[in-house]
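# Architecture at a glance
Below, each chain spelled out in residue letters.
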Amino acid sequence: MPQSALLVMDVQNIIVERYADQAYVSRLREAVEAARAADHPVVHVTVGFRPGRAEIHPRNKMFGALAGRAASPQEERANAIHPDVTPLPLEPVVVKRRVSAFAGSDLDMVLRSQGIDHLVLAGIATSGVVLSTVRQAADLDYGLTVLSDACADADPEVHRVLMERVFPQQAAVTTAHEWVAGLQR
């Protein structure tokens, strides 16, 4: 039987403020609490960089403007995981350096050391971390489920197309409520 883990990706204060509403956070919190109650590991993934951001090249379109800059105390609060899904003390927090949850992180090692072979994905943004992680996780032979309403994107049409046409090629797509109901059976 597959061992599943819920990946909560890029649910950091600044990202939630830009892309999600309280209903999204509530659905995600329900999924996190259900995973914990069912003894499914919850792994939190954040995007982050060393002081001075040595990992960022100025030509990187997404992160290049941050290259060489030190983070301010306000940025540290903004980059913290949203308080509604705060990790428990023994839940891994993986820091990635690019868009995919695997890019520049030890996520694969954390998952494989726990015998995880199926990932349940939730996060912000659908067209960013979720898309990149679906593609890379599929290439790494993980089984995949995407929680459609526990993902958010600035562009509702892009979110819809990914959920209805792209992700089903590599993952099961369901709602957080349906996934939680399945755990409670």
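Anything mentioned here points back to the structure above.
First, a word on scope: everything that follows refers to the structure included in this document. (Residues numbered from 1 in each chain as written. Predicted model: local features only at pLDDT ≥ 70, side-chain atom pairs only at ≥ 80, totals over all residues. Heavy atoms only, no water.)

Strand order in the open sheet formed by six strands is E3-E2-E1-E4-E5-E6, with parallel pairing between adjacent strands. The open sheet has two edge strands with one neighbour each: strand E3 (93–96) and strand E6 (172–174). Each strand axis lies, on average, 25° off the axis of its neighbour in the sheet, ignoring direction. Bridge count between strand E5 (residues 143–152) and E6: three bridges; the pairing is parallel. Bridging from a neighbouring strand, valine 146 pairs with valine 173 of E6. Here helix H2 (residues 22–37) sits on the sheet in contact with strand E1 (4–9), strand E2 (42–47), strand E4 (118–124) and E5, set at roughly 145° to E5. Packed on one face of the sheet, helix H7 (residues 176–183) meets E1, E4, E5 and E6 and runs near 130° to E5. (Pairing = 2+ DSSP bridges. Helix = DSSP H or I, 4+ residues; strand = E, 2+ residues; numbered from the N terminus. Axes fitted to C-alpha atoms, helices over the stretch in contact; angles between N-to-C directions. Contact = heavy atoms within 4.5 Å.)

For helix H6 (residues 156–166), every residue scored as buried is listed here: His159, Leu162, Met163 and Val166. Each buried residue of H6 lies within a common arc of 125° when the element is viewed along its axis, so the set occupies one face. With respect to the buried face of H6, the exposed residues turned more than 90 degrees away are Pro156, Glu164 and Arg165. On its buried side, H6 packs onto helix H5 (126–139), E5 and E6. The opening residue of H6 is aspartate 155, an N-cap whose side-chain oxygen sits 2.9 Å from the backbone nitrogen of glutamate 157. (Buried < 20%, exposed > 50% of the residue type's maximum accessible area, 1.4 Å probe, protein only. Arc of directions from axis to C-beta. Polar contact = N/O pair within 3.5 Å; in protein donor to acceptor, adjacent residues only side chain to side chain.)

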